[in-house]
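Here is how the chains run, residue by residue.
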Amino acid sequence: ALAPTRLRQRWLHAQGLLAPVPSPPAALLARTGWSRTVGGADGYLSMLARSPGLTVAQVSAAIDNDDIQVVPAARGCIYVVPTAHVPLALDLPNRLTLPRTARDMKKLGVAPQELDRVAEAIVDVLKDGPATTRQVGSRLPEGLARDLGALGRRTGVTSTLPPALRQLEFQGRIRRRLIDARLDHERYTWTLHATPAPPPNADVALARLFLQWFGPTTAGAMAAFMGLTKTACLKALRATGAPERDDEVLGRQTFGDLDAADLGELNPVMLPGMDGLLTWHSPARFVAPEDEDREISVW
């Protein structure tokens, strides 16, 4: 088994935090992992920790140039991803979220054909150019996107417009573009866009990325991140040909290059609360044993 210090070195090395190197946003995200964003500074801070000197202007330029995009990805959550990874990223919510949406729509009395009609009408609206969600709704034929009443509000779906937009986005037929190319808000327009289909071996491609970003790791950790089943993740990880060992620290099915040469010293880095390193390895992994039970203020 790897000692805790060795594990931390491996994880920090994979995340580009042992020796941060100035990198363009797209290359950085491809190498160290998609960055969670919820309209705040987290995305900027995560990238800055791995690419010293990176500026908001450089991130905005990467968004404007379509080098990176903000899309639903793992577990349907919003991430900043390299454009080359968008087909893989969108495939996750398309597979995982749409079935749940279908169940919700059935409970609310919305047939698939009704949602399809709203979706096609949205496409017609966007043929005239980009539009915000409010603008799309105002330009649809009257009564087409209907209010779902009190039950819909309790379910978190107020009308048939949002699920129709999600359906189109997950299918890669439309995309969101951030207003002013800024990550620190959630204001965006919708535009028509044809996203390429994901590769047929999407799970294996995702497993390779996950090993690169978070290895050594486990099938359970990949399942928690991607939203896939543990069985599917284990199959995909084994298909990569990565070495497999029993590890008393991480549990069974541990994958990754465990025998790398010296990875350098551990140095302090400033990370946002939603940084991938802390989300998928737990902050407890990065404190001394004598401090594990220390109480800290909750943000």
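Note that this is a predicted model, so its numbers are computed, not measured.

Visitor: Requested: an account of the overall build of the chain, with residues and values cited.
Guide: Secondary structure assignment for the chain yields 13 helices and eight strands. The C-alpha radius of gyration computed for the chain amounts to 21 Å, which stays within 12% of the reference 19 Å derived for 299 residues, consistent with globular compactness. Each principal axis of the C-alpha distribution contributes one length, and for the chain these read about 65 × 40 × 40 Å. Going through the 299 residues of the chain one by one, you find that 48% of them count as buried. When contacts within the chain are restricted to residue pairs at least 6 apart in sequence, long-range pairs at least 24 apart make up 63% of them. Of the roughly 15000 Å² that the chain leaves accessible, carbon and sulfur atoms contribute 54%. For the chain, the centre of its 34 positive side-chain charges and the centre of its 32 negative side-chain charges are spaced 6 Å apart.

Visitor: Run through the nonpolar core, naming residues and quoting values.
Guide: Formed by 33 residues in total, the largest nonpolar core has its most connected members in W34, Y79, L206, M222, F225 and M226. Contact partners of F225, with chain neighbours within four places excluded, come to A74, R75, Y79, F210, W213, F214 and W280. Ranked by size, the runner-up nonpolar core spans 22 residues in total, among them V110, L115, A121 and V125.

Visitor: Which residues make up the sheet that holds strand β3 (residues 78-82), and what values do they have?
Guide: Reading across the sheet, the three strands line up as β1-β3-β2 and stay open at both edges, with antiparallel pairing between neighbours. Each of the sheet's edge strands pairs with one partner strand only, and the pair in question is β1 (35-36) and β2 (68-72). Relative to β3, β2 is paired through five bridges, and the arrangement is antiparallel. Paired with P72 across the two strands is I78, which belongs to β3. Packed on one face of the sheet, helix α5 (residues 86-107) meets β2 and β3 and runs near 10° to β2.

Visitor: Outline the confidence of the model for the chain, supporting the account with residue identities and numerical values.
Guide: Mean pLDDT over the chain stands at 88; residues scoring 70 or higher make up 92%. Residue range residues 247-253 is modelled with pLDDT below 50. Its contacts to residues more than four positions away, or to other chains, number 23 contacts.

Visitor: Outline the pattern of salt bridges, listing residues and values.
Guide: One pass over the structure, following the stated rule, counts 12 salt bridges. Where E120 meets R173, a salt bridge forms, and the shortest distance between an N and an O atom there is 2.9 Å. Of this pair, E120 sits in helix α6 (residues 112-126) while R173 sits in the loop between α9 (161-170) and β4 (174-178), and the two are 53 residues apart along the sequence. Its relative accessible area of 33% is what places R173 among the partly exposed residues.

Visitor: Before we move on, could you go through the pairing of β3 and cite the residues and values that matter?
Guide: Every other side chain in a regular strand lies on the same face of the sheet, so the side chains alternate between the two faces. For β3, a buried count of five out of five residues is recorded, marking the element as mostly surrounded by other parts of the structure. Judged by which residues are buried, β3 turns out to be covered on both faces: I78, V80 and P82 on one side and Y79 and V81 on the other are all buried. As defined by bridge partners, β1 adjoins β3 across two bridges and the pair is classed as antiparallel. Along β3, the bridge assignment pairs R36 with Y79.

Visitor: Break down unusual backbone geometry for me, citing the residues and quoting the values.
Guide: The linkage connecting G215 with the following residue, P216, adopts the cis geometry, with an omega of -5°. Backbone geometry at D66 places phi at a positive 65°, although glycine is not the residue there. You can see D66 is positioned in the loop between α4 (56-64) and β2. In the Ramachandran plot, D180 falls in the positive-phi region, its phi being about 65° despite a non-glycine side chain. Among the residues examined, D180 registers a relative accessible area of 60% and is labelled exposed.

Rules used in this analysis
- Residues numbered from 1 in each chain as written.
- Predicted model: local features only at pLDDT ≥ 70, side-chain atom pairs only at ≥ 80, totals over all residues.
- Heavy atoms only, no water.
- Helix = DSSP H or I, 4+ residues; strand = E, 2+ residues; numbered from the N terminus.
- Rg over C-alpha atoms; globule rule 2.2 N^0.38 Å.
- Buried < 20%, exposed > 50% of the residue type's maximum accessible area, 1.4 Å probe, protein only.
- Contact = heavy atoms within 4.5 Å.
- Areas by Shrake-Rupley, 256 points an atom, 1.4 Å probe, with all protein chains shown as cover.
- Lys, Arg positive; Asp, Glu negative; His and termini not counted.
- Charge placed at Lys NZ, Arg CZ, Asp CG, Glu CD.
- Core = buried A, V, L, I, M, F, W, Y, C linked by side-chain atoms within 4.5 Å.
- Pairing = 2+ DSSP bridges.
- Axes fitted to C-alpha atoms, helices over the stretch in contact; angles between N-to-C directions.
- pLDDT = per-residue confidence, 0-100.
- Salt bridge = Lys/Arg side-chain N within 4 Å of Asp/Glu carboxyl O.

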